[in-house]
Amino acid sequence: MLLQLTDIIKTYQQGTEDVPVLKSVSLSVEDGEYVAIMGPSGSGKSTLMNIIGALDTPTSGEYLLNDEKIDGMKDKKLSEIRNKYIGFVFQNFNLLPRQSALQNVELPLQYAHVPRGERRPLCEKALQRVGLGERMTFRPTQLSGGQKQRVAIARAIVNKPKLLLADEPTGALDSKSGEQVMKLFKELNEEGVTIVMITHAREIALQANRMLTIFDGEITGDIRRDAEGRWPE
């Protein structure tokens, strides 16, 4: 089991009141799965993604990632876990505007203290993998939205993480660029990358192999494709 959440509760304080966002959420993801978590705004899906990505901690409950107990870890250790195990793809790319595509992809390797001489070949390979071998020296302002997202994906996979987390990865893209990004996710998953993707769009969620639905902080559905690749009716 790559990740397992058990009875995860998350509450935020508003004034004197505790506002529940996640209510006893339990789920597990196997190595190599491609999972979409779908829900409307305010359903708790972004909070759930932040907890899976070790960007936030639950109020209570247990979270195991690669057999390590994540809940209760200190910030420094959480940073190490993120760098070691998780690649992130965000809706708005989160690229450094003054840095080239290559320099943006290099960041996780710097944080992981990969020797300088080893970093460039790894970055070049990642950018070539996403079809941007000819755009390595371009800055984000010189790239289209789809190209920016592919740089973000290259950055997310350069460290060979066990888990790729994607938060509304096509939300800022036109339909053609969105299709290219989803095709790339499918290929990466077929190569063995575990993907957990947040989306509010059913047509995007249906491109995964498993779909969880979340509403009002609770998992309300969990369906998978059958052996022939079809969704249950």
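Residues numbered from 1 in each chain as written. Predicted model: local features only at pLDDT ≥ 70, side-chain atom pairs only at ≥ 80, totals over all residues. Heavy atoms only, no water.

Draft legend 1. Looking closely at the overall build of the chain. On a plain count of helices and strands, the chain comes out with seven helices and ten strands. In summary, the chain has a C-alpha radius of gyration of 18 Å against a globular reference of 17 Å for 233 residues, a match within 12%. By its C-alpha atoms, the chain is 50 × 45 × 35 Å across when sized along the principal axes. Counting all 233 residues of the chain, 46% fall into the buried class. In the chain, once contacts between residues fewer than 6 apart in sequence are set aside, the share between residues at least 24 apart is 67%. Separation of charge centres in the chain, based on 30 positive and 31 negative side chains, amounts to 8 Å. (Helix = DSSP H or I, 4+ residues; strand = E, 2+ residues; numbered from the N terminus. Rg over C-alpha atoms; globule rule 2.2 N^0.38 Å. Buried < 20%, exposed > 50% of the residue type's maximum accessible area, 1.4 Å probe, protein only. Contact = heavy atoms within 4.5 Å. Lys, Arg positive; Asp, Glu negative; His and termini not counted. Charge placed at Lys NZ, Arg CZ, Asp CG, Glu CD.)

Draft legend 2. Region of the structure containing the layout of surface pockets. Volume-wise, the largest pocket comes out at about 450 Å³. Around the largest pocket, the lining comprises 16 residues; the ones closest to its centre are Asn83, Phe88, Pro108, Tyr111 and Arg155. Listed by contribution, the elements that provide at least two residues to the lining of the largest pocket are α2 (75-85), β6 (86-89), α3 (101-111) and α5 (145-157). Considering only residue class, the lining of the largest pocket consists of nine nonpolar, five polar and two charged. Roughly 320 Å³ of internal volume is contained in the second largest pocket. If you go around the second largest pocket, the residues you meet are Leu122, Lys125, Ala126, Arg129, Ile157, Val158, Lys160, Pro161, Leu188, Glu191 and Val193. Residue classes in the lining of the second largest pocket are distributed as seven nonpolar, no polar and four charged. (1 Å grid on protein atoms, 1.4 Å probe; cavity = no way out; pocket = protein on both sides within 12 Å on 5 of 7 lines; lining within 4 Å. Points joined across faces, edges and corners; volume = space filled by probe spheres on them. Nonpolar A, V, L, I, M, F, W, Y, C, P; charged D, E, K, R; others polar.)

Draft legend 3. Expanded view of the pairing of strand β2 (residues 17-29). Across nine bridges, strand β1 (residues 3-14) lies against β2 in antiparallel orientation. Within the sheet, the bridge partner assigned to Gln14 lies in β2 and is Glu17. Taken together, β1 and the strand that follows it, β2, pair antiparallel across an intervening segment of two residues, in which Gly15 is found at a positive phi of about 65°. (Pairing = 2+ DSSP bridges.)

Draft legend 4. Just helix α6 (residues 175-190), in detail. With 16 residues, α6 ought to run about 22 Å at 1.5 Å a step, and its terminal C-alpha atoms sit 23 Å apart, in line with that. For α6, the side-chain oxygen to backbone nitrogen distance between the N-cap and Lys176 is 3.1 Å, and the N-cap itself is Asp174. Backbone geometry just after α6 places Gly192 at a positive phi near 110°. (Expected span 1.5 Å × (residues − 1). Polar contact = N/O pair within 3.5 Å; in protein donor to acceptor, adjacent residues only side chain to side chain.)

Draft legend 5. Region of the structure containing α2. Every buried residue of α2 is listed here: Leu78, Ile81, Asn83 and Tyr85. Considering only its buried residues, α2 is in contact with β4 (60-65), β5 (68-69), β6, α3 and β7 (163-167).

Draft legend 6. Main features of the sheet that holds β2. Reading across the sheet, the four strands line up as β2-β1-β4-β5 and stay open at both edges, with antiparallel pairing between neighbours. The two strands at the open ends of the sheet, each matched to only one other strand, are β2 and β5. Both β1 and β4 contribute to a ladder of five bridges, which runs antiparallel. Counterpart to Leu5 in the pairing with β4 is Tyr63. The strands touched by helix α1 (residues 45-52) within the sheet are β1, β2 and β4, with β1 carrying the most contacts at an inclination of about 120°. (Axes fitted to C-alpha atoms, helices over the stretch in contact; angles between N-to-C directions.)

Draft legend 7. Quick peek at the environment of Val130. Its place among the elements puts Val130 in the loop between α4 (116-129) and α5. Judged by its relative accessible area of 4%, Val130 falls in the buried class. The spacing of Val130 and Gln180 is 50 residues in sequence and 9.8 Å in space, taken between C-alpha atoms. Once you skip the residues sitting within four places of it in the chain, Val130 turns out to touch Arg150, Ile153, Ala154 and Leu184.

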